[in-house]
Amino acid sequence: MNDQHDKNNLELDNRSRRRFFGRLSAVVGSVAAAQLLGGNAISNALAYTPRPDSANSDGKLFRQQEMQILRDICAQVIPQTATPGAAEVDTHGFIDNQLFHCYGATEQQQVKSILSKIERISRQRYGQAFNDADQAQQLTLLEELEKPAGGFSQQDRANFKVLKGQIVFGYYTSEVGASEELAYLAIPGDFKGSIPYKSVGKAWGSMRSYY
Amino acid sequence: MNDELYIKESSEIFDAIVVGSGVSGGWAAKEFCEKGFKTLMIERGRVVEHRKDYTSEGVPPWHQTYRSRVENLLLQRDYNIQQQCYAFSDATKHFFANDREMPYSTAEGTEFSWIRANQLGGKSLLWHRQSYRLSEHDFRANGLDGHGTDWPIGYSDLAPWYSHVEKHAGICGTPENLPQLPDSEFLPPFEMSAPEKAIKAAIENHYSDKQLIMGRMAHLTQPTELHLSQGRVKCQARNECQKGCSFGAYFSTQSSTLPSAAKTGNLHIAPNSVVHSLIYDEKTGRVKGVRVIDNDDLSEREYYGKVVFLCASTLGSTQIMLNSTSKAFPQGIANSSGVLGHYLMDHNYNAKVKGDITGFEDEYYRGRRPGGLLIPNFRYKPSRYSDKYQRGFSFSCGAYRETWKDQKEGDGFGSKFKETLSQAGQWKFNMDAQGEMLPRFENHMALHPTLKDKWGIPQVEFNVRWSDNEKLMMEDAVEIGKEILINAGLENVTGEATERPPGIAIHEVGTARMGRDPKDSILNGFNQCHDVANLFVTDGSCFSSSATQNPSLTFMALTARAVDYAAKEIKNGRI
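Overview of the structure. (Residues numbered from 1 in each chain as written. Chains lettered and ligands numbered in written order. Predicted model: local features only at pLDDT ≥ 70, side-chain atom pairs only at ≥ 80, totals over all residues. Heavy atoms only, no water.)

## Comments concerning the interface of chain B and chain A
Point 1. On the chain A side, the residues contacting the 67 residues of chain B number 76 residues.
Point 2. For the pair chain B and chain A, the summed buried area comes to about 6600 Å², and 56% of that belongs to carbon and sulfur atoms.
Point 3. Taken together, chain B and chain A are joined by three salt bridges.
Point 4. The salt bridge partner of R157 of chain A is D411 of chain B, with a shortest N-O separation of 3.2 Å.
Point 5. Taken together, the links from chain B to chain A amount to 38 residue pairs in polar contact (both at pLDDT 80 or more).
Point 6. For the side of chain B that touches chain A, the secondary-structure elements that each account for two or more residues are helix 2 (72-78), strand 14 (363-366), helix 9 (404-407) and helix 10 (414-422) of chain B. (Contact = heavy atoms within 4.5 Å. Buried area = accessible area lost by both parts, 1.4 Å probe. Salt bridge = Lys/Arg side-chain N within 4 Å of Asp/Glu carboxyl O. Polar contact = N/O pair within 3.5 Å; in protein donor to acceptor, adjacent residues only side chain to side chain. Helix = DSSP H or I, 4+ residues; strand = E, 2+ residues; numbered from the N terminus.)

As structure tokens, then:
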């Protein structure tokens, strides 16, 4: 029912988008209107493009083995449900790129350090790499990290929160996260101060300029 | 726009020169052009064409290079100061100054955040669009409590000019009939959310001296024929204004004043022209024109005009004046009083309060309202002052529901965590104080004796501090803010006084203040220099006091009024 609801909304959105495009073109011209609704191609050029295989090779910051751990953590934090999860939209690849370009040595080291600790604890406890541990084992280990317990310290927890913040940011600013998992309105048209929550049924994924 | 709009070399003597193209410069140019004056607008930065140059507009986060974040190296190297501005992001950074190219210093033990926008349109592209009239109480505060000098004008002088600019710019809001915040010519207001309405009712039920009103903003909620004729349409509630708005739905130079000025055929623009100083004629006692350094190749050129309007931003205009020395004015043009650069003010944003709103889980909003609510200053006259400090403050407010941004480091995993993040969370209410800063001689800017920028212009050195009056006011604002929210029924109410430096409100005013006495002020009541009849300064430099209101609407009204006066004086042969 939710899916049907979303689909109806999407079709409604597409219809209103076409109608809106027509009205907008009349005001600003069709080239400008297309740019407004579709974004500017030039500024897309350098955006990180999700890849299906980024865990199979070294990233800019992380070694291949770290990329795999990162991918599995992404899947544990935000799994595939009715919509793709964080691993499916290559949040791990995004984080590698984002941490490399937009953060300093402190945050980079915090994430590197927690990945290494997770791997160490996994080998101690399960006798195998985190990637080889089964789903339940991975989850148990991460839940203990968040408490923290089972060999993880408060500092480990703090380091993990930096990573978790990046996973959530990466997922909900991805196309799937922002516009499928959440409700996305590029051009709302106007502001309504009061609508029934159930008419949207989820949070808005579209925000102001700064995410 | 016509092909001859942009010029470089010119020996022409223009009827009017306007330095700057932001809120004030746009208005000066429009008013002069519409009166038939051949006008040259000088802009230090590049041309930004409406729509065409809003390169980040409409780009969803997943297509942005770093999803709104800015590359670390670039941030550290070029935007060390500018990044402090709330509106700074990857999608807006091209409208901010480059700190590396534009260094300045601060006196030992002081800090100052100088946020700049150097392109056609200036900060009118980046502003927060809040638009409030000053009241008679604001114009009289200095005279009544003895700080600074009395404004030489009163509310009645400015009221018709507020109306004049409001009709053109388009200001939305609600008439409230408040003595401290006169109503504007309003377009319909934005809506409040359900909890905001409830909190409004609770506050106004509990207090007789406080109101919670819808913010007044330069947004077209319902465009008039005049706005449509400017090529502007209704606000689409994206709240991504600082990327530029192709709908022209908020007031900017590009959307509103420039089209009107260009339509007359009287407008010329000299972009990439960094004004070094004004050319003063010792014989006539008048300004002849301006010396310019080319922004790109650093070559020099001059432009000439019969009257010069400085609209280069508060600190920019004063920097130019301080650097315009002559035999008659060794300390800067029109500075016989010695107060040029002094009485620098900003607004004080150093108190914030927040709380949780219970209930309203079935309520949501649709669209992104481009501004919030306001609790107007309730300490607007001496009889309402606190016994601990003088003057007052307002609160900017708003309610919202939490999203993943507020929960991104929360505990949990898997589909349950995902489900939690996908839903709108707790309703929250924020209040941020906006406090008046007293005009004090000690707070000043000066030219550095040795350091220059790449254009060979002496760098600015700031010496500005919050006084005890401002600090005590913010401590009080935290306590009052918390009391308001507790009385309005909010929970988990917290507040804190912060220590952000002056400048970061980006409401810098003063430094070439108006006054009646040429011995202790730079400008008369028409923004005209006491010492140089054909030189006007109509941006925030002219303010005698800061009041608590966002100042841009007052820049517009003062500028339009000053042009009207100058045009009459020219016609009558007095300029």
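## Here's the deal with the sheet that holds strand 2 (residues 16-19) of chain B
All names here are of chain B.
Point 1. Pairing is parallel across the open sheet formed by five strands, whose spatial order is 8-3-2-12-21. The strands lining the two open edges of the sheet, one partner per strand, are strand 8 (267-270) and strand 21 (535-537). Taken over all neighbouring pairs, the strand axes of this sheet differ in orientation by 20° on average, direction set aside.
Point 2. Sheet strands in contact with helix 1 (residues 23-34) are strand 2, strand 3 (39-42), strand 8 and strand 12 (308-310), and its direction is about 170° off that of strand 3. (Pairing = 2+ DSSP bridges. Axes fitted to C-alpha atoms, helices over the stretch in contact; angles between N-to-C directions.)

## A few points about the environment of G143 of chain B
Point 1. Take G143 of chain B: it is sitting in helix 3 (residues 136-145).
Point 2. For the pair G143 of chain B and P259 of chain B, spaced 116 residues apart in the sequence, the C-alpha separation amounts to 40 Å.

## Here we look at the packing of helix 4 (residues 64-77) of chain A against helix 5 (residues 91-102) of chain A
All names here are of chain A.
Point 1. For the pair helix 4 and helix 5, interaxial distance at closest approach is 8 Å and the crossing angle is 120°. Here helix 5 runs oblique to helix 4, going by the angle between their axes. With respect to the hand of their crossing, helix 4 and helix 5 are arranged in right-handed fashion. Of the residues in helix 5, those in contact with M67, L70, R71 and C74 of helix 4 are T91, H92, G93, I95 and D96.
Point 2. For the contact of helix 4 with helix 5, a count of residues per class yields four nonpolar, three polar and two charged. (Parallel < 35°, antiparallel > 145°, perpendicular 65-115°, else oblique. Left-handed = near helix turned anticlockwise from the far one by under 90°. Nonpolar A, V, L, I, M, F, W, Y, C, P; charged D, E, K, R; others polar.)

## Brief notes about the sheet that holds strand 19 (residues 458-463) of chain B
Residue and element names in this part refer to chain B.
Point 1. Strand order across the open sheet formed by three strands is 4-19-18, with mixed pairing between neighbours. Single-partner strands in this sheet number two, and they are strand 4 (105-106) and strand 18 (444-452).
Point 2. Across the sheet, helix 8 (residues 314-322) lies against strand 18 and strand 19, angled at about 60° from strand 18, the strand it touches most.

## Describing the pairing of strand 19 of chain B
A regular strand carries its side chains on alternate faces of the sheet.
Residues and elements named next belong to chain B.
Point 1. Examined bridge by bridge, strand 4 and strand 19 share two bridges and lie parallel to one another. Bridging across to strand 19, T106 finds its partner in F462.
Point 2. Where strand 18 and strand 19 come together, five bridges link them in antiparallel fashion. What sits directly across from H444, in strand 19, is N463.

## Examining the side chain of Q319 of chain B
All names here are of chain B.
Point 1. Following the sequence through the fold, Q319 ends up in helix 8.
Point 2. We classify Q319 as buried; its relative accessible area is 12%.
Point 3. Leaving out residues up to four positions away in the same chain, Q319 has contacts with W114, M445, L447, I457, P458, Q459 and V460. (Buried < 20%, exposed > 50% of the residue type's maximum accessible area, 1.4 Å probe, protein only.)

## Describing the pattern of salt bridges
All names here are of chain B.
Point 1. Overall, the coordinates contain 48 salt bridges over all chains when judged by the stated rule.
Point 2. R516 serves as the salt-bridge partner of D150, at 3.1 Å between the closest nitrogen and oxygen. Of this pair, D150 sits in the loop between helix 3 and helix 4 (155-169) while R516 sits in the loop between strand 20 (491-497) and strand 21, and the two are 366 residues apart along the sequence.
Point 3. Owing to a relative accessible area of 54%, R516 belongs among the exposed residues under this scheme.
Point 4. Between D209 and K210 there is a salt bridge whose closest N-O contact spans 3.2 Å.

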